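Structure assessment
Here's the letter readout for the chains.
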Amino acid sequence: MNINGNRILVGIVIAFVSSMSFAGPGYVSRDCAAVTTKESISMAWTGPNEFFFTFSTHYRVANNANGYVSETIKASNDWQLTWRNRAGRVYYSAYNNYYMGVYGVHYWYNQQFNRIEQRRIFVTTCYLESWGYNNW
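It should be emphasised that the depicted structure is a prediction, and the values quoted were computed from it without experimental measurement. (Residues numbered from 1 in each chain as written. Predicted model: local features only at pLDDT ≥ 70, side-chain atom pairs only at ≥ 80, totals over all residues. Heavy atoms only, no water.)

Taken as a whole and judged by the stated rule, the model has six aromatic pairs. For the pair Phe-51 and Tyr-109, a centre-to-centre distance of 6.2 Å together with 75° between the ring planes defines the contact as edge-to-face. In this pair, Phe-51 sits in strand β3 (residues 50-61) while Tyr-109 sits in strand β7 (residues 101-110), placing the two residues 58 residues apart along the sequence. Grouping aromatic residues by their ring pairs yields a cluster made of Phe-53, Phe-55, Trp-79 and Tyr-107. (Phe/Tyr/Trp six-rings, centres within 6.5 Å; stacked < 30°, edge-to-face > 60°. Helix = DSSP H or I, 4+ residues; strand = E, 2+ residues; numbered from the N terminus.)

Another point: the state of the cysteines. This model, assessed by the stated rule, comprises one disulfide. Each sulfur in the disulfide pair Cys-32 and Cys-126 lies 1.8 Å from the other. Classification of the bridge connecting Cys-32 and Cys-126 rests on its S-S torsion, roughly 70°, and on that basis the disulfide is right-handed. Residue Cys-32 is located in strand β1 (residues 25-32), and its partner Cys-126 is located in the segment after β8 (115-123); the two are separated by 94 residues in the primary sequence. The class of Cys-126 is partly exposed, set by a relative accessible area of 33%. (Disulfide = S-S within 2.5 Å. Buried < 20%, exposed > 50% of the residue type's maximum accessible area, 1.4 Å probe, protein only.)

Here we come to the nonpolar core. Where a protein is soluble and globular, its nonpolar side chains tend to be buried together. Among the nonpolar cores identified, the biggest contains five residues, and these are Tyr-27, Ala-44, Phe-52, Trp-108 and Trp-136. Excluding residues within four positions of it along the chain, Phe-52 makes contact with Pro-25, Ser-42, Met-43, Ala-44, Asp-78, Trp-79, Gln-80, Thr-82, Trp-83, Asn-85, Tyr-107 and Trp-108. (Core = buried A, V, L, I, M, F, W, Y, C linked by side-chain atoms within 4.5 Å. Contact = heavy atoms within 4.5 Å.)

Another point: the pattern of salt bridges. One pass over the full model with this rule turns up five salt bridges. Of the charged contacts, one joins Glu-39 and Arg-30 as a salt bridge, the two residues approaching to 2.4 Å between their closest N and O atoms. When salt bridges with common partners are traced through the structure, they connect Arg-30, Glu-39 and Arg-86 into a single cluster. (Salt bridge = Lys/Arg side-chain N within 4 Å of Asp/Glu carboxyl O.)

Turning next to the sheet that holds strand β6 (residues 84-90). Taken together, the three strands give an open sheet; going across it, the order is β1-β2-β6, and neighbouring strands pair in antiparallel fashion. The open sheet terminates on both sides in strands that have one partner only, identified here as β1 and β6. Taken pair by pair, the neighbouring strands of this sheet meet at an average axis angle of 5°, ignoring direction. Summarising the sheet, strand β2 (residues 37-44) and β6 pair through seven bridges and their orientation is antiparallel. Paired with Lys-38 across the bridge in β6 is Arg-89. (Pairing = 2+ DSSP bridges. Axes fitted to C-alpha atoms, helices over the stretch in contact; angles between N-to-C directions.)

Function cannot be read off these values alone, since they describe shape.
This is the structure in structure tokens:
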């Protein structure tokens, strides 16, 4: 690609990012089989930090009569005042059959209204569009 082509590409990326609203908190759960990662993330895109608590339940196909096995992971601390609260794991070769989905539970303490809000989502994909830019 030549210099003009690079400038056009950079301009398109800047226009795309500029068109998104990054104000306020967002959340995402994703199941990335290609990179063996399953996670749920709550984020404050623009300051200040927010109070978050995140759970992530990971499902996989099992080789037993139950049909599936699940593993629930919570963020390292219960409630955190932070810009990013993540609950997830990277699964290595022993867990390559983790292809059944992620169920994320995201809690956010809304300081403006003095209440706890919750979002739940079940996903089986790892698409960039699933990121929550301002989806609370």
